[in-house]
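Fold and geometry: a report
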Amino acid sequence: MAKKKEKTGENRIAFSARLRGQHFRQGKFYHVMYERGVLYFALSFLIPVVIMLYAFSREQIHPFGDRQMLVVDLWHQYYPFFRVEREKLLTGGSFLYSWQNGLGTNFLSLISYYAASPLNWISVFFNEAHVRDALTYILIAKIGFAGALFSCFLRYTYRRRDFSVCIFSSMFALCSYMLGYYWNVMWFDTVALFPLVMMGIVALCREGKWKTYTFALAVSLAANYYIAYFTCIFSVFMFLSAGVIECKGVKQFIRRLIVMIRSSLLGAGLAGFMLLPAYFGLQLTYSVNNKFPKENEFYHKWKDIFANLLSYSKPAFKETEALPNFACGMLAVTLIGVFLFSKGIKIREKVSTVLMLALITVSCNWNKLNFIWHGFHFTNMIPYRFAFIFCFVLVAAAFRAYDIMHRNGIKVGQLAAMLLGPLAVFFLKYLSDGKKLAFTGSVKKSAIITAVFLLIFTAAKLVPLSNKKLHAALMNLFIFAALMTELTANALIGARTVGTSSYSTYPTREKEVSTLLAEASEMKNPLFYRTEMTSTYTLNDSALYGYYGISQFSSAANVSVSRFARRIGLYASEAGNRYYYRTSTPVVNSLLGVRYIISRSGAINSEDMALQLESSSGSVMLYRNKYPLSLGFMMNEDILELPDKAAANPFEYQNQILKLATGISDSVFKAQRDPISIEYNNLDVTQNGYGSFSYTRDKDSGESSIVFRFYGVSDGYLYGYASNGGFEDVTVICDNSVVDNSRSKPIEIKDYPVVFPMGNGKAGSIAQIELFAKEDHSTGSVKLMVYALKEELFSEAYDRLADEQLSISSFRDTQIEGTVTAKKDGILFLSMPYEKGWRVYVDGEETETMPVMNAMLGARVSEGTHEIRIEYTPEGFGAGLAATFISAALCCLIAYYDRRKARRKAALAAQARLEEELAEESEKAMENDLPEAQHEESQGDNSVPRD
């Protein structure tokens, strides 16, 4: 009896537990966490985040050590631009224009590629000392979102809700593309959003739902139009694939195609406020000059490309000749055979997947398709920037195979198919290495992890469990454990390959420079002035340290300004998208409004005529330009006659500018054609004319150089100009003292020519220039010219310009107000890049603007005193903003129409069901009434007597 009661109690407890479990499963928490996939979304985010944090900690990246992830362009460009964006967020500065980037930049166009990530806004919650940490955490979050949004794609597309989506999402988030290119932080918003866009396409084809695709595409385009361009191209192929698989018949496919086109236009329209200014900004850059390649070229052998699928290998980092970053783990390679040969997967799904993988592979290797994919442009380093799409397709196919095995059970044939992918890759590696396959390094580790995966799948086949959910959970757990070792090792390899830089010394002399910038701001200055450094630390120092300067290196650099900077002797290149300051001539400093110059390497021992020491902080010196000019000043109309071509050298070009702008007849710069001596060290030199030399040398002859010596002049200062062509560096010595430009390190001319000062030497002084030949060159050439700046003539030209300056009374990023007194009709020269977005108003009336010196902004101003107002709106911004609002309104109207249509359809369906129910009830009532009537009729017949 007692045993019976005990058993009854156990049954009640068990029933109660089952009942609670049923209520839990039916509850809101279970619905949100499991059915809606929030748990898997969170895990798919956290797993790659934790792995990247661990990898960064092993590389001592701050706060785990004194290293940082800033390398290459992240050092020179991305972080300085990120800092400017944060400053604007904190101070309320305009996002339309920036004066801390170059001579002035369309900031909206700039950030549309470099810094439009919504996550960047998080940086405002970090103090100034930890802004770089903010960027690190933002990057890691983007990698996490790549995993999280890929999990959304897997859950919706393959209708699977278990831990396996987290496993494969981590594979995508930590593929070799992510690990090799993560320092290009601005790309990763759109890379992370890519799975969501693809999920939207599947939803559109499957159910006709368009919102996910439309809004995901819009955010992708707004966050980074460049990577979103890849998304747009692949969306065409993804739609064809999903349409063939999901659509039921040709008519539905056509209807879905119409919705796809409409949604694509709406997505682009929603991002119009960014896209149109970016488009017009790109028209001012060098990239518009690219031409379609005529000859076919294949970069790599096909076997090398697929052999690179091995795990535990260094990802491509920046090398132009590197292989595409296709590796995403050996589990993906192992399961691709299952995907191709499983009967549960439709042939059309297999064919479309193979075609998409082939498309990306051929596009990476064939120059013409590669050119098209990269926006009709050949990249400078960082090749195959769309390779993440290959990883996306491969991991999705691997998950499809894994899903089939979970649903239908593991077959013996599938275990055999698992060998195909790894064996093919190992064989290709064997061929790629010259038919030698050393069982070491990445080969050994890849083989081991592949064997582990095969062992897990074999065990799952041989040891089945009656509880299928437990069986699937255990298989997921073991696969996850093995995969984590692989992904963690790859993350460590990636972080080590990309490298780090010093955290505590970036930016160099930051405290001292900030102190001097603050002191300069407290001096008697106009509302706008420029500051520059004698040499660059990054290629965007003004953006990094936070001052109005000249230097800029970015893909958005105005090619006309780069050309102008090169012509006046600054270190510049049109194709290199850069122009940046080196200690130049007083003419350049005055024209460009440079008021202060900072030397981070001690006192400047040149240009006593033009510079005066104002302050110092440690070894950092602040100098004031004795010949400053405002942002605007009057020039003769003759300046418009300056030819759009380079002169013989920068000194002659500057002579032309001053003659046309001021009307002086004599040249400010005079050529010094007779050096005291020329000395050749280990070089056989031929002089080909004034300042032009060519040489031959024995590569094993050691250090080779040419030494020139010149006398100083009594009425001016010497300046030199050297071009590259086999020479690497220049050192300048005046009266046995190394001149400041070459004190800390020689002046580089290996990439671009540059003008440089030659000290304070006067009559009787000797200035020496030594040019060092490149060690790997046996032949080369150089153009060296030395000119003397005539102090009296320069002062005369300066006085004429300074007499008619723009006096600024109000200065904001996009609006400048002031007054100017013109002694005669002329051109108001403004030392800012010419763009159609600028409007100049004279006494309230808009006046004609034009490019001056073929690069800078100018406006016609008549004789007299005038009120000047200058305003800026990026070209295309108004139209883009209108497109955004119109597209948003259309989205709302379409959504409203769809909702009404759905309600009407639901109402009609409900009415149809009601009518059907009423008809059924009526039939039942009739059936029930018929026997009663028949019974009554029979009773009535019995009651009537027969005749």
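Model, not experiment: these values are computed from the prediction.

Structural notes on the sheet that holds strand 5 (residues 530-533)
- The strand order across the open sheet formed by four strands is 5-9-11-10, and the pairing between neighbours is mixed. The sheet is open, and its two borders are formed by strand 5 and strand 10 (611-617), each paired with just one other strand. Pairwise comparison of adjacent strand axes, ignoring direction, gives a mean angle of 25° for this sheet.
- Taken together, the four bridges between strand 9 (residues 594-599) and strand 11 (residues 620-625) define a ladder with antiparallel strand orientation.

Here we look at the sheet that holds strand 26 (residues 815-822)
- Across the sheet, which stays open at both edges, the five strands sit in the order 25-26-32-28-29 with antiparallel pairing between neighbours. The sheet terminates laterally at strand 25 (807-812) and strand 29 (845-847), the two strands that pair on one side only. Recorded for the sheet is a direction-independent mean angle of 30° between the axes of neighbouring strands.
- In this sheet, strand 32 (residues 864-872) lies alongside strand 26 in antiparallel orientation, the contact comprising eight bridges. Each residue of the ladder has a partner; that of Thr 821, found in strand 32, is Thr 865.

Here's the deal with the state of the cysteines
- Within this structure, the stated rule accounts for zero disulfides.
- Left unpaired, Cys 152 is separated from the closest cysteine sulfur, that of Cys 166, by 11 Å.
- Look at Cys 152 and you get buried, because its relative accessible area is 13%.
- Here Cys 364 is not disulfide-linked; the sulfur of Cys 391 is the nearest cysteine sulfur, at 9.7 Å.

Quick word on helix 9 (residues 188-207)
- Here helix 9 is 20 residues long and its end C-alpha atoms lie 29 Å apart, about the 28 Å a rise of 1.5 Å per residue gives.
- At Phe 194, helix 9 shows its strongest bend, of approximately 35°, with the proline Pro 195 following within four residues.
- Just downstream of helix 9 lies Gly 208, where phi reads positive at about 80°.

A short note on a negative patch on the surface
- On the surface, Glu 916, Glu 917, Glu 920, Glu 921, Glu 923 and Glu 927 cluster together into a negatively charged patch.
- The residue Glu 920 is located in helix 29 (residues 877-943) in this model.
- By relative accessible area, Glu 920 is classed as partly exposed at 40%.

Overview of the confidence of the model for the chain
- Per-residue confidence for the chain gives a mean pLDDT of 90, with 93% of residues at or over 70.
- The low-confidence segment residues 942-947 (pLDDT under 50) makes zero contacts with residues lying over four places distant or belonging to another chain.

Describing the side chain of Arg 385
- Topologically, Arg 385 is positioned in the loop between helix 17 (367-373) and helix 18 (388-408).
- If sequence neighbours within four positions are ignored, Arg 385 has contacts with Tyr 113, Tyr 177, Trp 187, Tyr 226, Ile 227, Phe 230, His 374, Thr 379 and Asn 380.

Notes on the nonpolar core
- Ranked by internal contacts, the top residues of the largest apolar core, which has 186 residues, are Phe 153, Phe 168, Leu 335 and Phe 457.
- The biggest single contributor to this core is helix 18, with 16 residues.
- Non-local contacts of Phe 153, meaning those with residues more than four positions away in its chain, are made with Tyr 158, Pro 195, Met 198, Met 199, Val 202, Met 238, Phe 392 and Ala 396.
- With 55 residues, the next largest nonpolar core counts Leu 611, Leu 629, Leu 658 and Leu 789 among its residues.

A few points about the packing of helix 5 (residues 107-114) against helix 13 (residues 272-282)
- Axis separation between helix 5 and helix 13 bottoms out at 8 Å; the angle between their running directions is 105°. Considering their axes alone, helix 5 and helix 13 lie roughly perpendicular with respect to each other. Contacts from Leu 108, Ser 109, Ile 111 and Ser 112 of helix 5 reach helix 13 at Phe 273, Met 274, Pro 277, Ala 278 and Gly 281.
- Per-class residue counts for the contact of helix 5 with helix 13 are six nonpolar, three polar and no charged.

Quick notes on the rules
- Residues numbered from 1 in each chain as written.
- Predicted model: local features only at pLDDT ≥ 70, side-chain atom pairs only at ≥ 80, totals over all residues.
- Heavy atoms only, no water.
- Pairing = 2+ DSSP bridges.
- Helix = DSSP H or I, 4+ residues; strand = E, 2+ residues; numbered from the N terminus.
- Axes fitted to C-alpha atoms, helices over the stretch in contact; angles between N-to-C directions.
- Disulfide = S-S within 2.5 Å.
- Buried < 20%, exposed > 50% of the residue type's maximum accessible area, 1.4 Å probe, protein only.
- Expected span 1.5 Å × (residues − 1).
- Bend = angle between axes of the 7 residues up to and from the residue.
- Patch = residues over 30% accessible without salt bridge, like charges linked within 9 Å, V, L, I, M, F, W, Y side chains within 5 Å.
- Areas by Shrake-Rupley, 256 points an atom, 1.4 Å probe, with all protein chains shown as cover.
- Salt bridge = Lys/Arg side-chain N within 4 Å of Asp/Glu carboxyl O.
- Lys, Arg positive; Asp, Glu negative; His and termini not counted.
- Charge placed at Lys NZ, Arg CZ, Asp CG, Glu CD.
- pLDDT = per-residue confidence, 0-100.
- Contact = heavy atoms within 4.5 Å.
- Core = buried A, V, L, I, M, F, W, Y, C linked by side-chain atoms within 4.5 Å.
- Parallel < 35°, antiparallel > 145°, perpendicular 65-115°, else oblique.
- Nonpolar A, V, L, I, M, F, W, Y, C, P; charged D, E, K, R; others polar.

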